[in-house]
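# Structure at a glance
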Amino acid sequence: DVKVTQSSRYLVKRTGEKVFLECVQDMDHENMFWYRQDPGLGLRLIYFSYDVKMKEKGDIPEGYSVSREKKERFSLILESASTNQTSMYLCASSLLWGAVAFFGQGTRLTVV
Amino acid sequence: AQTVTQSQPEMSVQEAETVTLSCTYDTSESDYYLFWYKQPPSRQMILVIRQEAYKQQNATENRFSVNFQKAAKSFSLKISDSQLGDAAMYFCAYRSLNTGNQFYFGTGTSLTVIP
């Protein structure tokens, strides 16, 4: 089975801190995604990557950056965390075209 | 960008009964994929069912089936013989086969199963 693992289920950070959310997949998928999930808003795409060192902005990239140095790992970085970034963050991966996305278990981030 | 609309924020169903969750989408593309994902309280998103747009036959997976109407851009999920374990948030999703290769998700429908 495909496994997508996010480094933390719960995280509490202070305003202004630099925050790293890590995601690792074990199925050699080309595509990896970071979503933010908020009640009533569904899943909104922050960034995605279709290859090592490649990245594309999603719908809400402001305040975030990403890094993909290895195929299996996709990191989301909050450069200076703010309270409006308190949310659930979901990582996903998939093969390149048309295939199902597999999700991690989510990280609930609270910025205080 | 494509949009996916789920107009029912909450639904409920009696155990063993049937429920239908609605989803509509907006696209100018002819080839794409549609999905229903389930997110239980554990938060793990799980694929329920997938439909390829080029296939006229509606996809089925055990108690789950879809009503795919391409012209109407409608993709509803029917859950038969509802079970307590079906209680979850359900998301409809669209994936383009063309530019961007992104997934687009609806806002979700929270399904409650009443014993």
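Whatever comes next refers back to the structure up there.
Residues numbered from 1 in each chain as written. Chains lettered and ligands numbered in written order. Predicted model: local features only at pLDDT ≥ 70, side-chain atom pairs only at ≥ 80, totals over all residues. Heavy atoms only, no water.

### A word on the overall build of chain A
Selection rule: Put simply, DSSP marks the helices as runs of H or I at least four residues long and the strands as runs of E at least two long, and each gets a number from the N terminus on. Based on C-alpha atoms, the radius of gyration is set beside the globule rule, defined as 2.2 Å times the residue count to the power 0.38. Each residue's exposure class comes from its accessible area (1.4 Å probe, protein chains only) as a fraction of the maximum for that residue type: buried when under 20%, exposed when over 50%, partly exposed otherwise. Per-residue accessibility takes into account occlusion by the displayed protein chains alone, with areas from the Shrake-Rupley method and a 1.4 Å probe. Only four residue types enter the tally: Lys and Arg on the positive side, Asp and Glu on the negative side; His and the chain ends are excluded. To locate a charge, the coordinates of NZ of Lys, CZ of Arg, CG of Asp or CD of Glu are taken.
When you go through chain A residue by residue, the secondary structure sums to zero helices and eleven strands. Counting from the amino terminus, chain A carries its helices and strands in the arrangement β-β-β-β-β-β-β-β-β-β-β. Relative to a compact globule of 112 residues, whose C-alpha radius of gyration would be 13 Å, chain A shows 13 Å and is just as compact. Overall size of chain A, expressed as C-alpha extent along the three principal axes, is 35 × 25 × 25 Å. Burial analysis of chain A (112 residues in total) assigns 50% to the buried set. Total accessible area on chain A is roughly 5,300 Å²; 52% of this is exposed by carbon and sulfur atoms. Counting 15 positive and 14 negative side-chain charges, chain A places the averaged centre of each group 6 Å from the other.

### Points about the interface of chain A and chain B
Selection criterion: By the convention used here, residues are in contact when the closest approach between their heavy atoms is within 4.5 Å. Buried area: the sum, over both parts, of the accessible surface (1.4 Å probe) that disappears when the two are put together. One speaks of a salt bridge when a side-chain nitrogen belonging to Lys or Arg is within 4 Å of a carboxyl oxygen belonging to Asp or Glu. Nitrogen and oxygen atoms within 3.5 Å of one another constitute a polar contact, given that in protein one can donate a hydrogen and the other can accept it, and given that sequence-neighbouring residues count only through two side-chain atoms. Each residue receives one of three labels: charged for Asp, Glu, Lys and Arg, nonpolar for Ala, Val, Leu, Ile, Met, Phe, Trp, Tyr, Cys and Pro, and polar for the others, Gly being one of them.
Each partner contributes residues to the interface: chain A has 28 residues there, and chain B has 21 residues. Overall, the association of chain A and chain B removes approximately 2,000 Å² of surface from exposure, summing both partners, and the carbon and sulfur fraction of that is 52%. Linking chain A with chain B are zero salt bridges. The interface formed by chain A and chain B includes ten residue pairs in polar contact (both at pLDDT 80 or more). Elements with a minimum of two residues in the side of chain A that touches chain B: β4 (31-38), β5 (42-49), β9 (87-94) and β11 (107-111) of chain A. Taken together, the residues of the side of chain A that touches chain B sort by class into 16 nonpolar, ten polar and two charged.

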